Amino acid sequence: MPRYLTSLGAALLVGLPLSGGAALAAGGGGGGGGSDTMDCPAGQVYDKSTKKCVAKSSALDTETLFEAGRALAYAGKYDEAISVLRLAEGRKQPGIYNMLGYAHRKKGRLLIALGYYEEALRLDPDHVLTREYLGEAHLQMGDLAAAREQLGEIAKRCGTGCAEYAELDRHITAFERENG
């Protein structure tokens, strides 16, 4: 796919999702979040400070919303994750935008995901987990060159031994094997 999506272009495509709301810490890697988050009924999230499930609200602290949204996303509950993470959108934390991108990408909404990834990288160009997921999105669109570019950016930031490099490299290798 041509590289016609710039930060501005992608932001225009997703317009509303990138404006308003509130967002989390640069973290967000690897597997699922806290198991406590998954024990809450729909519409609630686990609040570490009170150690109980509470109604999801933008009044919750950014970390609580991030951890709940991340856990939901990694559990495959993408719409619920988006709902929780959007409560933290706007707090200018790359991890929130990265996980919004992840959930949208997993739902097949690649252009929306690209906008969120671009916003995360605008806030923190060194957020290597975003670069990994952005590379995976490029592979989903068939853009091997763009995925390799992200792999190179990851290598510049954390070397070839970090988990994000290894994971994107694994996806690129699989893509090449499947596509010849």
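Model, not experiment: these values are computed from the prediction.

Student: Residues and numbers for the layout of surface pockets, please.
Tutor: Space inside the second largest pocket adds up to approximately 170 Å³. In terms of lining, the second largest pocket is formed by Arg105, Lys106, Glu136, Leu139, Gln140, His171, Ala174, Phe175 and Glu178. Going through the elements one at a time, helix 5 (94-106), helix 7 (128-140) and helix 9 (163-179) are the ones with two or more residues in the lining of the second largest pocket. Per-element accounting of the lining of the second largest pocket gives the leading share, 4 residues, to helix 9. When the residues that make up the lining of the second largest pocket are grouped by side-chain class, the tally is 3 nonpolar, 2 polar and 4 charged.

Student: Pulling in residues and values, what's your account of the packing of helix 6 (residues 110-123) against helix 7?
Tutor: Between two packed helices, both the angle of their axes relative to each other and the distance between the axes serve to describe the pair. Between helix 6 and helix 7, the shortest axis-to-axis distance is 10 Å and the interhelical angle comes to 155 degrees. In this view, helix 6 runs roughly antiparallel relative to helix 7, as classed from their interaxial angle. Regarding helix 6 and helix 7, the two cross each other, and that crossing is left-handed. Along the contact surface, helix 6 presents Leu110, Leu114, Tyr117, Glu118, Ala120 and Leu121, while helix 7 presents Thr130, Arg131, Tyr133, Leu134, Ala137, His138 and Gln140. Residues of the contact of helix 6 with helix 7, tallied by class, amount to 8 nonpolar, 3 polar and 2 charged.

About the thresholds
- Residues numbered from 1 in each chain as written.
- Predicted model: local features only at pLDDT ≥ 70, side-chain atom pairs only at ≥ 80, totals over all residues.
- Heavy atoms only, no water.
- 1 Å grid on protein atoms, 1.4 Å probe; cavity = no way out; pocket = protein on both sides within 12 Å on 5 of 7 lines; lining within 4 Å.
- Points joined across faces, edges and corners; volume = space filled by probe spheres on them.
- Helix = DSSP H or I, 4+ residues; strand = E, 2+ residues; numbered from the N terminus.
- Nonpolar A, V, L, I, M, F, W, Y, C, P; charged D, E, K, R; others polar.
- Axes fitted to C-alpha atoms, helices over the stretch in contact; angles between N-to-C directions.
- Parallel < 35°, antiparallel > 145°, perpendicular 65-115°, else oblique.
- Left-handed = near helix turned anticlockwise from the far one by under 90°.
- Contact = heavy atoms within 4.5 Å.

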